[in-house]
Each structure stands twice: as C-alpha cells, then as structure tokens.
Amino acid sequence: MEISYNRIIAAICVAILLVYTWKVLNWAWFRPKKLEKYLRKSGLKGNPYKLFYGDLNELTNKLNEARSKPINFSGDIAQRLIPFICDSINKNGKSSFVWLGPYPAVLITDPEHVKEIFTKNYVYQKETHPNPFSKLLAIGLAKLEEDKWAKHRKIINPAFQAEKLKHMLPAFYQSCSEMISKWEEIIPKETSLKLDVWPDLQLMAAEVISRTAFGSSYEEGRIVFELQKEQAEHVTDISHTIYIPGSRFFPTKRNKRMLEIENQVQTTIRRIIDKRLRAMEAGETSKNDLLGILLESNMKEIEQHGSKDFRMTTTEVIEECKFFYFSGQETTAVLLVWTMILLCLHPEWQARAREEALQVFGNEKPNLEGLSRLKIVTMILHKTLRLFPPVPTYRRRNKHEVKLGELSLPAGVLLFIPTVLIHYDKELWGEDAKEFKPERFSEGVSKATKGHASFIPFTGGPRVCIGQNFAMMEAKLAIAMILQKFSFELSPSYTHAPFATITIHPQYGAPLLMRKL
C-alpha cells in the first residue's frame, strides 16, 4: 500500500513536471516559431527567432552604444532613441517585425494603420510588460481595457473638462511663480547665469500635479512624486529584460525596493483619500482638485445607479492618482524643457513668442482668456511635440486574429508604433521634416497633418490622452511667464543627448544661459 501511494505521488510529480516543461517549451520555442511562420506568410520580414532572447541582446547593445554618444542638432534623434528599430526598418523595410524575447513585435508606421489601431480600441488593446512588477508604477486609466476602461473614463472625465481646468489655473500659476521667483533671486542683473533648468521644470510640474491632484494636501503629494520617479526608473530597466515566471518572488534588492516604494505610495495616497472622505462626510464641499472631483463623480455614479458596483474602489482611485502623478508631471516637464532648448536654437521664434506673450499679458498675471489667444506659443508647442514627442513609442496588442490593411496578424501579437519615426517621416512631412518650422501648425493640427495620423503625441481615437488639455494649458502658462521675465540661450556646456526612459529626457540636463529682462 505504501509503495502504491509513493508511486501515485511520483506519477503526479512527473505529470506536473511534464505540464510545466511543455508550457516553458511552448512559450520559449514552439509558439514563437509558429508566430514567425505566420508573420512571414503575411509578407513581413524580420530576423530568425533566437531561443529565449530573440533580438533583445542586440537591441540592448545598440541602445547602450547610442546612449554613450551625444548627437548634434542635425543628427537622427530616432537613431539615438530606438537604434535597433531604425536598423531593422533599414534592413527589412517598414513592413517588418523584431523579437522582444519570445514575443514578435510588428512595426507599424503607416498612418492609416495607426489610425485604425487607435480608433478600434476594443480590438487593439494596451500592451503590458509580462513582469508583474512593471504594473507597480500605476494601473490607471491608460492601462485599463473594455468596460472597466469605459467606467473609469466616465468617472474621471469631469476632472478634465474646461470648466474644471479653469479652477486649476491658480495652481499652475503659483507653482510657476515659485520657480520664476527662485530664478530671479539667483540670476544677477545685466548679466547671464548658467542654469540647468531641467530639474526646476520637473519640480515645477510635480508641484502643479501635487496641487491640482490633492489641493491643500500637496505637501504630502510631493512624497508620491519622488517615489514614483524612482519607480519609473526601475520599470524602465525591467522593460529591457526578459521576465522569468516567478522571479518577482526572488528577494533581490530591486524587487524589495519596488515593493517598498509601492507600499509607501499606497499608504500616503490612502491617508489623503481617507482624510478627504471624512471631510466630505462631515459636510464640507468637495474641492476643485483632481481628488475632490474624482470622489464627487464617484459618489454621483453610486447615486445614479443605486449600487456601489458602478463606482471606483479606493484602490482604483489610488491607482488613478498614481498614474496622474506620473503621466501629468512627465508630459509637461519634457514638453517645457525641449521647448526652451528649441527656442534657444531659434532665437527669432523666442523673440516672436515673447512679443506675443507681452502683447497679450504685458507684465500682468496670465489668464485663461489670454492663453487661448497665444497662437505663436501654441504653434511652437505643437512643433516641439512633433520633434520631441513625450513618448517615443506606443504598444498595442490585438485580442483576436485580424486584418490590418493588407497585413494579416495572428491573435496576441505585439504592435509597435514608433512615434518618433512617424513624426520625422519625410514622406509625410516633406524633405524638411527635421526642421523647426512652427508655421506648419499655423492653421491647426488637422491642416498640418492633412487628416493623417502622423502627429500622435497624445495618441488618438477614443483613448486619446485625457489630460492633453491640462498639459497644454500648463505649458502655455509656463512658457508665457518665463518669456515675460527672461531671455535664454544654450550654454556652451549643453550636450544634445535625447534619452528615453519612459518619456524623452535630456540625458545631461539642460544648462542654459538665463538673463533677466
């Protein structure tokens, strides 16, 4: 009997081992080879699949090599940000694929294909890294799908309507004023001072998010910003590695730190939410910050449907706050720093933008009505977003087997949209695609793109970035206020090195020669 029992246990263990062996083999070899055959049959070209790593080793090596060398201003920014993708397209054509480990990624550069992918958001869904730790940065609106995405979008949408954004303008102004006051204190009269504006622009954008997200609790919100910033660095590093199932349980230094950050962020935001809910229950009116609008909208959903099933849970509210913190701060900070750098390179446009700002506001505090009249500043911001899109690439994954134009795609394949290549495509923008010509946008984005999905700094379709008006309003205000007080040019020590973390940063900062007006 004992022997029989041992044999049963042994048989079960062998069966489990065989099942897991098959799963690993299927993940690492059989499924990639099957997908490769399908893609080649569809007319797509790419490197032969290499066991386990695919193209990741070459991709990482090319990226490290590119990051080690700055470029000049006429250099190829895409070749520095996504060198392996550029080389793959040069080698295999625009209709090609690369291997991110055992996952094939089809490169999508045709604007019509991009438009269809963004429009059919229930067919082409957001791609997430297989490493569960990558989700610690935030599982907010941008990461949700289908009905859950629709529910969250409906609840969050009121926070970004024009009427609500108007009430956030004082927070924009206060944060920018603090940065400008700091600069005025350290920059001497009648001479210029070398100043790296990048850290200050990041801090200013973080202050804006802290104030607009949490109102009077913005001091606590600062903690979230610092922690989210560190978490983003860990997530970026993870995205360049292959996730081994179960490795998140290893007690590595990074794993422990990422969990520690997550716990601190969760605790901080939950404390702010609990305090706000107690105040609302005591009869206080909700505030015009993101959290207040979110909680109020959440309660309206419960009242409308008579059930808590239609609301966001506290955990979901926390995730939305986390995501707003990261995406809102990053998008605006990178837009501002590249705008200032481009205005250094094109002083004639800096002068035109300053003239417009002074004509509209004089030396007075900018107001909402005036911001809407900043045509030249808006053109410059759009041009910056084309030359330095906040996110250099987007990823989607099709749920089912689909036909995308002439391409047949198997279910679950990764679609890789290189924003930075589309924004510089000479077939779409002309031979002068690299040149700084804000006048392209003099009649708006639609006229500049001729209706094509060739300008996608905020994606497009139903899932277009909900915070784009927030980011543009903040950027207009900040640039106008800076131009009112200062002129600036590049410092000789400036090194041009666009660098992709999740967004495009200046790798060595942005040292400018700042002068008071």
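Bear in mind the structure is a predicted one, so any value in this text is a computation, not a measurement. (Residues numbered from 1 in each chain as written. Predicted model: local features only at pLDDT ≥ 70, side-chain atom pairs only at ≥ 80, totals over all residues. Heavy atoms only, no water.)

### Quick look at the overall build of the chain
A tally of helices and strands in the chain yields 19 helices and 13 strands. Based on the C-alpha atoms only, the size of the chain along its principal axes is roughly 95 × 65 × 40 Å. Buried residues in the chain amount to 53% of all 517 residues. Considering only contacts in the chain between residues 6 or more positions apart, those separated by 24 or more positions represent 76%. Surface summary for the chain: the accessible area is close to 23,900 Å², and the carbon and sulfur share equals 56%. (Helix = DSSP H or I, 4+ residues; strand = E, 2+ residues; numbered from the N terminus. Buried < 20%, exposed > 50% of the residue type's maximum accessible area, 1.4 Å probe, protein only. Contact = heavy atoms within 4.5 Å. Areas by Shrake-Rupley, 256 points an atom, 1.4 Å probe, with all protein chains shown as cover.)

### Description of the sheet that holds strand β10 (residues 486-490)
Here three strands make up an open sheet; going across it, the order is β5-β13-β10 and the pairing antiparallel. Strands at the two margins of the open sheet, each flanked by one partner only, are β5 (193-196) and β10. Between one strand axis and the next, the sheet turns through 40 degrees on average, direction left out of account. Relative to strand β13 (residues 511-516), β5 is paired through four bridges, and the arrangement is antiparallel. What sits directly across from lysine 194, in β13, is leucine 513. Against the sheet, helix α19 (residues 468-485) contacts β10 and β13, and its axis sits at roughly 95 degrees relative to β10. (Pairing = 2+ DSSP bridges. Axes fitted to C-alpha atoms, helices over the stretch in contact; angles between N-to-C directions.)

### Thoughts on the packing of helix α7 (residues 162-186) against helix α8 (residues 197-214)
One way to put it is that α7 packs onto α8 with a least axis distance of 9 Å and a crossing angle of 150 degrees. In terms of orientation, α7 and α8 fall into the roughly antiparallel class. Crossing hand, α7 versus α8: right-handed. Mapping the contact onto sequence places Met168, Ala171, Phe172, Gln174, Ser175, Cys176, Glu178, Met179, Lys182 and Trp183 in α7 and Val197, Asp200, Leu201, Met204, Glu207, Val208, Arg211 and Thr212 in α8. Residue composition of the contact of α7 with α8, grouped by class: ten nonpolar, three polar and five charged. (Parallel < 35°, antiparallel > 145°, perpendicular 65-115°, else oblique. Left-handed = near helix turned anticlockwise from the far one by under 90°. Nonpolar A, V, L, I, M, F, W, Y, C, P; charged D, E, K, R; others polar.)

### Some points on the sheet that holds strand β2 (residues 96-100)
Spatially, the six strands line up as an open sheet ordered β1-β2-β3-β9-β6-β4, and their pairing is mixed. If you trace the sheet from one side to the other, it starts and ends with β1 (45-46) and β4 (124-126), each paired once. With two bridges connecting them, β1 and β2 associate as parallel partners. Within the sheet, the bridge partner assigned to glycine 46 lies in β2 and is phenylalanine 97.

### Thoughts on unusual backbone geometry
A negative phi holds for most residues other than glycine; trans holds for most peptide bonds. Even without being glycine, phenylalanine 52 reaches a positive phi, approximately 75 degrees. Judged by relative accessible area, phenylalanine 52 falls into the partly exposed class, the value being 23%.

### Topic: the pairing of β10
Within β10, four of the five residues are buried, which leaves it mostly tucked inside the rest of the structure. Sheet topology note: the β10/β13 ladder contains five bridges and is antiparallel. Across the sheet, serine 487 pairs through a bridge with arginine 515, a residue of β13.

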